[in-house]
Amino acid sequence: MNAPTQPSVFAGAISRLDKAFQYADIDAEALERLKHPKQILQVSIPVRMDDGSLRVFTGYRVRHDDTRGPTKGGLRYSPQVDIEEVKALAFWMTFKCAVMNIPYGGAKGGICVNAKELSRLELERLSRGFVEQIAEFIGPETDIPAPDMYTNAMIMGWMMDEYSKIHRRRIPAVITGKPIPLGGSQGRDDATGRGAFYCIKELAKKRDWDPTQIRVAVQGFGNAGQSVARLLHADGYQVVAVSDSQGGIYKAEGFDVPSLIQNKNQSRRLQAVYCSGSLCETVRAKSITNEELLKLDVDILVPAALENVITAKNADAIRANVIVEVANGPITCEADEILHDKEILVVPDILANAGGVTVSYFEWVQNMQGFYWPLEEIQRRLSEMMCREFGHVYDWMIEKKIDMRTAAYAVALSRIGEAIASLGTARYFSDNDS
Ligand SMILES: NC(=O)c1ccc[n+]([C@@H]2O[C@H](COP(=O)([O-])OP(=O)(O)OC[C@H]3O[C@@H](n4cnc5c(N)ncnc54)[C@H](O)[C@@H]3O)[C@@H](O)[C@H]2O)c1
């Protein structure tokens, strides 16, 4: 995915923290601490390419805050990866784990590389080389990576294997999102989309929705976008538009999502689904751009691709009543204000896409205890946690008359602030009577 590099993305993340601070009962010291990542590591990874030449790639790992537990967050392979982006993503992970009340802090990492240009062997050498460079920074009780954009279960397997070789013993809990035979969890593959689906179901109860009357548009048809579209469709929702990096398709009566997924995954390109050719006969649909998809007259808009797609430039044209942020950071701060004025409810990323990290947490727990749960157990626990925390954030939003993002940050901030204060703040240490 080609996320544009946003030098201000970390600053944007921090500004949301300042806003939430007004509604969370925490010490200003805690706020100050959270504005600075705990540790930043930059590494150079030399890789012998298949043609015998040497290339050196740059990788990063940022641990934002570990007050509530070991840090957790994905690894991204993309040419756009830079330190600003990784810092912002690590910051979001701290808040995502806190809003879900998972005993983790936040981290993120990545390598600046176009993974599509590498052979499988080059990709394996790069992934193992990265672990060699960060082996002292990560660990099951310090920092636990996971997959993110353009990394997958097999890459996580290589990384776990490399880390285990370095330590001369098998350590599956060092990384999550692994293949199931290597200690991965049931249910990790669709966990992000499923978590977002549970949020929508909770919202449906509050708004008394009849799913068959609700029209949904999904931007991004990868792991997360496909899962949420599939689950919504199975529940009776009308998925009227989907898109990928090449563009989108629209169908007023709604798509048969399982066949779209099958076609997309066979053809690798969504627009091939409706263009001329044998594959296309099954689906009649109108071609739309990604920008047009965002402005469709739908009830729910699900951005599930890139950061910063809804900005001050297009926010006013959004017609959906609800936006569920499956992507990380799809709405800029300026756009947030415009959407709030238009009374569009935004279910924020740190809650809506937290299903992935929640099942990653389950994977880690299973690895640590060496006892594995069936799929039904994973889905039951995920549903319980998503519904509970959705309700918690929703109630704060109503009670404090704030937008849902600010409520989610305030809930998370209160939990992190409480943990920081448990170690003592200036208020405690300057009190001479104590
Ligand atoms: N997969 C997870 O567990 C998970 C967890 C939390 C958050 N997220 C976030 O969800 C988003 C998607 O992640 P994913 O794992 O589904 O990635 P993915 O790589 O599987 O899929 C991304 C999709 O977005 C599409 N895309 C790329 N550029 C686009 C553009 N310019 N316009 C529209 N679509 C475009 C791609 O074609 C693809 O269909 C990211 O922001 C990611 O950080 C994912």
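Residues numbered from 1 in each chain as written. Predicted model: local features only at pLDDT ≥ 70, side-chain atom pairs only at ≥ 80, totals over all residues.

For the chain, an unreviewed UniProt entry supplies the name Glutamate dehydrogenase and the organism Blastopirellula marina. Of the comments in the UniProt record for the chain, the one headed Sequence similarities (unreviewed entry) reads "Belongs to the Glu/Leu/Phe/Val dehydrogenases family." (UniProt positions renumbered as here; feature names shortened; annotations may be inferred.)

Along the chain, the regular secondary structure elements total 15 helices and 12 strands. Taken against the 2.2 N^0.38 rule, which gives 22 Å for 434 residues, the C-alpha radius of gyration of the chain at 21 Å falls within 12% of a compact globule. Viewed in the frame of its principal axes, the chain has a C-alpha envelope of about 70 × 60 × 40 Å. Relative to its 434 residues, the chain shows a buried fraction of 51%. The long-range fraction of contacts in the chain, counting pairs at least 24 apart against all pairs at least 6 apart in sequence, stands at 69%. (Helix = DSSP H or I, 4+ residues; strand = E, 2+ residues; numbered from the N terminus. Rg over C-alpha atoms; globule rule 2.2 N^0.38 Å. Buried ≥ 20, exposed ≤ 12 C-beta atoms within 10 Å, placed from the backbone. Contact = placed C-beta atoms within 7 Å.)

Further remarks concern the sheet that holds strand β4 (residues 105-111). Sheet architecture is open: five strands sit in the order β1-β2-β4-β3-β5, paired in mixed fashion. Strand pairing shows two members of the sheet lacking a second neighbour, β1 (39-48) and β5 (143-147), which therefore form its edges. With direction set aside, neighbouring strand axes in the sheet form an average angle of 20 degrees. Here five bridges tie strand β3 (residues 71-77) to β5, and the two strands are oriented parallel to one another. (Pairing = 2+ DSSP bridges. Axes fitted to C-alpha atoms, helices over the stretch in contact; angles between N-to-C directions.)

This next bit is on the site of the ligand. The environment of the ligand is made up of 24 residues, and the closest members are Gly 220, Gly 222, Asp 244, Ser 245 and Gly 356. The set of elements that each furnish at least two residues to the shell around the ligand consists of α7 (223-234) and β7 (238-244). When residues of the shell around the ligand are assigned to their parent elements, the largest contribution, three residues, is made by α7. When its residues are assigned to classes, the shell around the ligand shows nine nonpolar, 13 polar and two charged. (Near = placed C-beta within 6 Å. Nonpolar A, V, L, I, M, F, W, Y, C, P; charged D, E, K, R; others polar.)

This part takes up the sheet that holds strand β12 (residues 345-347). Strand order in this open sheet of seven strands is β9-β8-β7-β6-β10-β11-β12, and the pairing throughout is mixed. One side of each edge strand has no neighbouring strand; the edge strands of this open sheet are β9 (286-288) and β12. Within this sheet the neighbouring strands show an average axis-to-axis angle of 20 degrees, counted without direction. When strand β11 (residues 322-324) meets β12, the two strands line up parallel, connected through three bridges.

It is worth spelling out the packing of helix α6 (residues 191-207) against helix α12 (residues 355-369) at this point. Here α6 crosses α12 at 120 degrees, and the two axes come no closer than 6 Å. In terms of orientation, α6 lies oblique with respect to α12. Where α6 crosses over α12, the handedness of that crossing is right-handed. Contacts between α6 and α12 involve Ala 191, Thr 192, Arg 194, Gly 195 and Ala 196 from the former and Gly 355, Gly 356, Thr 358 and Val 359 from the latter. Classifying every residue of the contact of α6 with α12 gives three nonpolar, five polar and one charged. (Parallel < 35°, antiparallel > 145°, perpendicular 65-115°, else oblique. Left-handed = near helix turned anticlockwise from the far one by under 90°.)

Sheet analysis places β1 next to strand β2 (residues 54-65), joined by 10 bridges and oriented antiparallel. Opposite Ile 40, over in β2, you have Val 62 as the bridge partner. The antiparallel hairpin formed by β1 and β2 contains five residues in its connecting segment, where Gly 52 sits at a positive phi of about 95 degrees.

Before going further, it helps to examine the packing of α6 against α7. Geometry of a packed helix pair, given as the angle between the helix axes and the separation of the axes. Between α6 and α7, the least distance of the axes is 7 Å, while the angle of their chain directions is 45 degrees. Regarding the angle of α6 to α7, the classification is oblique. The hand of the α6/α7 crossing is right-handed. The segment α6 lies against α7, with Thr 192, Gly 193, Arg 194, Ala 196, Phe 197 and Ile 200 engaging Asn 223, Ala 224, Gln 226, Ser 227, Val 228, Leu 231 and Leu 232. Considering only residue class, the contact of α6 with α7 consists of seven nonpolar, five polar and one charged.

In this model, helix α14 (residues 404-421) (18 residues) spans 25 Å end to end at C-alpha, consistent with the 26 Å of a helix rising 1.5 Å per residue. Extensive coverage of α14 is indicated by the burial of 14 of its 18 residues. (Expected span 1.5 Å × (residues − 1).)

So, about the UniProt feature "active site" (unreviewed entry) in the chain. This chain's UniProt record puts "active site" (unreviewed entry) on Lys 108. Tracing the backbone through its elements, the reader meets Lys 108 in strand β4. Since 31 C-beta atoms lie within 10 Å of it, Lys 108 is described here as buried. The contacts of Lys 108, once residues within four sequence positions are left out, are Val 62, Gly 73, Gly 74, Val 86, Leu 89, Ala 90 and Met 93.

A few words on the confidence of the model for the chain. The predicted model of the chain averages 92 in pLDDT, with 94% of residues at 70 or higher. A low-confidence stretch, residues 1-7 (pLDDT under 50), is modelled with 19 contacts involving residues beyond four sequence positions or located in other chains. Here residues 275-282 is modelled with pLDDT under 50, and outside its nearest four sequence neighbours on either side it reaches eight contacts, counting other chains as well. This prediction of the complex comes with two scores: 0.92 for pTM and 0.98 for ipTM. (pLDDT = per-residue confidence, 0-100.)

This part covers the domain arrangement of the chain. In terms of domains, the chain is made up of domain 1 (37-173) and domain 2 (191-352). Across the contact, five residues belong to domain 1 and four residues belong to domain 2. Counted by class, the side of domain 1 that touches domain 2 contains four nonpolar, no polar and one charged residues. (Domains from an automatic or database assignment.)

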